[in-house]
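Observations on the three-dimensional arrangement
What follows is the residue order along each chain.
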Amino acid sequence: MKASTVKLLVPLVAITIQSNSASTIIPPYLDDLRIPVGLIGTLISLGPVLALTSRLPVGMAYNHHRARLLITLAVLAMGVTNFAYSFTTDTITFALVHSLNGFAYGAVTTLYMAFYVDSLAADENRSHAMGYYVGSLALGYSTGNFFGGLVADHFGYAITFQGAAFLSLVPCALLWLLRARAGQGPGKAKEKPKVKLMSKQFWRALLEPGLATVVVTALFLNLLHQMSGVFISLYGLAVGMTLTQIGVLRAAYAGVNAITRPISGHVVDKVGHRRLSYAGIPLQSALLMLIPLFSGFGPILIVYIMSGLMRAIVIVANAVGLVQDVDETKVQRGIASAVYNSAGDVGNIIGPSIGGIIAHATSIGAVFVYGSLGSTILFLLVIFAVRRSGRMSYE
């Protein structure tokens with residue numbers, strides 16, 4: 001890994017730490033407000049809905065030369081909304097703050113992925129670089145989840161939200177202090193596709209089998225991730241875990257991602273990103289289905305970590321697919337980032353909502369069984385349809 005790449009990754013870790021310090025305690029916070037479990041899933045889905053609405057306009061507005069300023073403004077907006085969480089005491093105010101937070105989060109993640117790829121040195125290995133990128137995200141998730149649960153357990157929810165808000169100043173400072181050597185940058189040759197941005201050729205490119213596979217995989221990856229992430233917290237509370245234990249649970253899940261993702265690029269090179277994508281989601285689902293069999297912290301921790309390992313491998317494989325399978329002459333970098341992240345947003349929206357419906361109709365534990373099984377079946381059916389469509393288009 002080059003020093004210039006490290007300088008790009010450090011602010012990313014700081015961004016995810018401040019974001020997840022707040023987000024990890026949201027499900028138990030809503031439970032503490034006595035909000036029904038079915039409504040919790042719907043409320044949490046509002047963040048991804050607004051994140052989704054921000055992707056395309058932000059992607060279209062992306063410009064490498066002003067990316068630092070745009071990212072800074074979006075991160076500060078996230079900080080303001082994190083602070084506002086501490087004053088939400090009912091469903092209406094929470095829904096408003098969470099929606100604004102989701103919009104800012106969508107802007108940050110769309111801008112930073114495009115900025116990162118454009119800023120890589122020309123001789124940096126792109127597959128390995130994407131492994132470092134998603135690994136840095138996981139490192140931030142792990143750290144933020146742990147300290148979010150720990151602080152909330154000892155000092156309460158309000159202090160945790162406010163502390164996460166002030167943490168937003170750290171990535172902003174790092175972003176300007178650690179200036180990496182620019183990579184290829186958005187050269188003049190790459191500005192031409194913007195003219196075709198809304199043309200039929202552009203939208204047809206989004207439906208090509210290679211990109212469609214990346215989009216479908218991102219959707220179902222996040223569906224499982226968000227559904228299990230929300231309801232592992234509620235399940236933990238139901239079986240008597242403390243907020244610190246829940247934070248450790250989620251931190252360990254993210255931690256194995258942080259360790260696995262950077263080295264997964266080498267595995268992807270040897271096995272192939274599509275093979276890993278096809279097999280990884282069913283295996284992760286099978287592991288999540290085991291969680292209701294246990295009520296102790298230790299066994300649940302082991303199973304949840306194993307599911308995190310599978311997610312880590314698949315997410316790197318899919319990120320590599322985004323870099324390798326997308327034709328840059330047809331899709332501008334900012335738009336490609338927006339489409340990729342938008343697919344994840346759709347999964348983030350569907351996951352908690354479906355989980356809430358299942359939990360309301362049956363139980364919290366049943367979410368891991370019915371939700372995971374149904375997601376796997378639907379994923380395989382959609383992938384089969386995409387591959388079949390691809391074969392027919394080539395004939």
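Before going into details, it helps to say that this report is about the structure given with it. (Residues numbered from 1 in each chain as written. Predicted model: local features only at pLDDT ≥ 70, side-chain atom pairs only at ≥ 80, totals over all residues. Heavy atoms only, no water.)

**Brief notes about the overall build of the chain**
Scanning the chain for helices and strands turns up 15 helices and zero strands. With 395 residues in all, the chain has 57% of them scored as buried. When the accessible surface of the chain is totalled, it reaches about 16200 Å², and 69% of it is carbon and sulfur. (Helix = DSSP H or I, 4+ residues; strand = E, 2+ residues; numbered from the N terminus. Buried < 20%, exposed > 50% of the residue type's maximum accessible area, 1.4 Å probe, protein only. Areas by Shrake-Rupley, 256 points an atom, 1.4 Å probe, with all protein chains shown as cover.)

**Quick look at the pattern of salt bridges**
Tallied over the full model, the rule gives two salt bridges. Residues K2 and D123 are paired through a salt bridge, measuring 3.3 Å at the closest nitrogen-oxygen approach. Here K2 is found in the segment before α1 (3-23), whereas its partner D123 is found in the loop between α5 (91-119) and α6 (126-155), with 121 residues between them in sequence. Judged by relative accessible area, K2 falls into the partly exposed class, the value being 29%. For R55, the salt bridge is made with D345, and the minimal N-O distance between the two is 2.5 Å. Here R55, found in helix α3 (residues 37-61), pairs with D345, found in helix α14 (residues 333-361); they are 290 residues apart in sequence, far enough to count as distant. Of the two residues, R55 and D345, neither departs from the other in class, the shared state being buried. (Salt bridge = Lys/Arg side-chain N within 4 Å of Asp/Glu carboxyl O.)

**Looking at unusual backbone geometry**
Of note, R34 is a non-glycine position whose phi angle comes to about 65°, a positive value. Tracing the sequence through the fold places R34 in the loop between α2 (26-32) and α3.

**Quick notes on the packing of aromatic side chains**
Applying the stated rule across the entire model yields 12 aromatic pairs. Taken together, a centroid distance of 4.9 Å and an interplanar angle of 45° make the contact between Y116 and Y133 tilted. Of the two residues, Y116 sits in helix α5 while Y133 sits in helix α6, which places them 17 residues apart along the sequence. Grouping residues by exposure puts Y116 and Y133 together as buried. With a centroid separation of 5.1 Å and 80° between ring planes, the pair formed by F146 and F147 is classed as edge-to-face. Assessed through its relative accessible area of 29%, F146 is described here as partly exposed. Each residue in the set Y29, Y85, F94, Y157 and F161 is aromatic and connected to the rest through ring pairs, giving one cluster. (Phe/Tyr/Trp six-rings, centres within 6.5 Å; stacked < 30°, edge-to-face > 60°.)

**A few points about the side chain of S372**
Here S372 shows up in helix α15 (residues 364-394). Polar contacts involving the side chain of S372 include one to the main-chain carbonyl oxygen of F368, which spans 2.7 Å. In this view, S372 contacts L224, M227, S285, L288, M289 and V367; residues no more than four positions away in its chain are not counted. (Polar contact = N/O pair within 3.5 Å; in protein donor to acceptor, adjacent residues only side chain to side chain. Contact = heavy atoms within 4.5 Å.)

**Things to note about the packing of helix α4 (residues 67-85) against α5**
Here α4 crosses α5 at 155°, and the two axes come no closer than 8 Å. Judged by the inter-axis angle, α4 sits roughly antiparallel to α5. When you trace α4 past α5, the crossing you get is left-handed. Contact residues: A67, R68, L70, I71, A74, V75, A77, M78, T81, N82, A84 and Y85 in α4; F94, V97, H98, L100, N101, A104, Y105, A107, V108, L111, Y112 and F115 in α5. When grouped by side-chain class, the residues that make up the contact of α4 with α5 number 19 nonpolar, four polar and one charged. (Axes fitted to C-alpha atoms, helices over the stretch in contact; angles between N-to-C directions. Parallel < 35°, antiparallel > 145°, perpendicular 65-115°, else oblique. Left-handed = near helix turned anticlockwise from the far one by under 90°. Nonpolar A, V, L, I, M, F, W, Y, C, P; charged D, E, K, R; others polar.)

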